[in-house]
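Residue strings, one per chain:
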Amino acid sequence: MRYQTILFDADGTLLDFERSEYEALSDVLAEFEIPETSENHKIYSAANAEQWRLLELGLVTKSELRTNRFASFLEQIGFSASPAAMADSYALALSKKSYLLDGAESLCRELHGRGCELYIITNGFAFIQKGRFSPSPIAPLFRDVFISENLGAEKPSPIFFDQVKANIPHFCAEKTLVVGDSLSSDIAGGIGAGLDVCWYNPKGKTAPVDMKITYTVSDLSDLLRII
């Protein structure tokens, strides 16, 4: 077996974040009596993505991100409400949305059966990520879940990956593979940490030519031939 330790990103790799986000935002829009339209969903998603980009660059804190995305959303749609109150409602709603991407469960069961040591590495709020991952059928297959809020650093920071390495018994870089869908956090972070990386790219996006990606797969099942 080429790799013993597999570091999986959560959202967009194993967990269906798009579905979770959509349903959680629908709950919040209903609570605050904001029209639920496809355009409003797109505006929020863009505002959220921008805040996470700024967080990865160290330009906002996680606490600021939590409310900034709703402040931006409200400003863009011209609606008056409390960003902090919306953030609280959204966090609670999102923590209850646990969905796996197609093929994620069968992949994890197969890798676990082969003796691979599985770990989650995720940027996010601990309350939300634990709430979503804990009830998942794949949760018992994982040895640990590393969440940026608990580690005090975000992917792709070397600090995040250094702490992950330090908390995995008998960690061996040569036998470890990082798997994720984000070039800016998972892949860039894994490369920076000196680890082999596998980019999960189901939408056929184009990566920078100078990015040294070890593997690229479009289907989760393709990981089996690599590992």
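Residues numbered from 1 in each chain as written. Predicted model: local features only at pLDDT ≥ 70, side-chain atom pairs only at ≥ 80, totals over all residues. Heavy atoms only, no water.

## Thoughts on the sheet that holds strand 1 (residues 5-8)
Phase 1: Pairing is parallel across the open sheet formed by six strands, whose spatial order is 3-2-1-4-5-6. At either end of the open sheet lies a strand with only one pairing partner, and these are strand 3 (142-147) and strand 6 (215-217). Recorded for the sheet is a direction-independent mean angle of 20 degrees between the axes of neighbouring strands.
Phase 2: Sheet topology note: the strand 2 (residues 117-122)/strand 3 ladder contains five bridges and is parallel. Among the inter-strand pairings, I120 is bridged to a residue of strand 3, identified as V145.
Phase 3: Its contacts with the sheet place helix 6 (residues 126-133) against strand 2 and strand 3, and it is angled at close to 155 degrees to strand 3.
Phase 4: Sheet strands touched by helix 8 (residues 158-166): strand 1, strand 2, strand 3 and strand 4 (176-180). Its angle to strand 2, the strand with the most contacts, is close to 155 degrees. (Pairing = 2+ DSSP bridges. Helix = DSSP H or I, 4+ residues; strand = E, 2+ residues; numbered from the N terminus. Axes fitted to C-alpha atoms, helices over the stretch in contact; angles between N-to-C directions. Contact = heavy atoms within 4.5 Å.)

## Digging into the pairing of strand 2
Phase 1: Judged by how many residues are buried, strand 2 sits mostly within the fold: six of six residues are covered.
Phase 2: Neither face of strand 2 is open: one carries E117, Y119 and I121, the other L118, I120 and T122, and all of them are buried.
Phase 3: Note: strand 1 against strand 2, four bridges, orientation parallel. In the strand pairing of strand 2, T5 is matched with E117.
Phase 4: Between the parallel elements strand 2 and strand 3, the chain passes through helix 6 in a crossover that is right-handed. (Buried < 20%, exposed > 50% of the residue type's maximum accessible area, 1.4 Å probe, protein only. Right-handed = clockwise from strand over helix to strand, strands pointing away.)

## Thoughts on the layout of surface pockets
Phase 1: Of the volumes computed, that of the largest pocket is approximately 1,200 Å³.
Phase 2: Forming the boundary of the largest pocket are 37 residues, of which D11, G12, F17, D181 and S182 lie nearest the centre.
Phase 3: If you tally residues by element for the lining of the largest pocket, the top one is helix 2 (residues 38-56), at six residues.
Phase 4: Looking at side-chain class alone, the lining of the largest pocket contains 13 nonpolar, eleven polar and 13 charged residues. (1 Å grid on protein atoms, 1.4 Å probe; cavity = no way out; pocket = protein on both sides within 12 Å on 5 of 7 lines; lining within 4 Å. Points joined across faces, edges and corners; volume = space filled by probe spheres on them. Nonpolar A, V, L, I, M, F, W, Y, C, P; charged D, E, K, R; others polar.)

## A short note on the packing of helix 1 (residues 17-31) against helix 4 (residues 83-94)
Phase 1: The interhelical angle for the contact between helix 1 and helix 4, taken along N-to-C directions, is 135 degrees, at an axis separation of 9 Å. Classified by the interaxial angle, the pair formed by helix 1 and helix 4 is oblique. Crossing of helix 1 against helix 4: the hand is right-handed. Residues F17, S20, E21, A24, L25, D27, V28 and E31 of helix 1 form the contact with helix 4, whose participating residues are M86, S89, Y90, A93 and L94. (Parallel < 35°, antiparallel > 145°, perpendicular 65-115°, else oblique. Left-handed = near helix turned anticlockwise from the far one by under 90°.)

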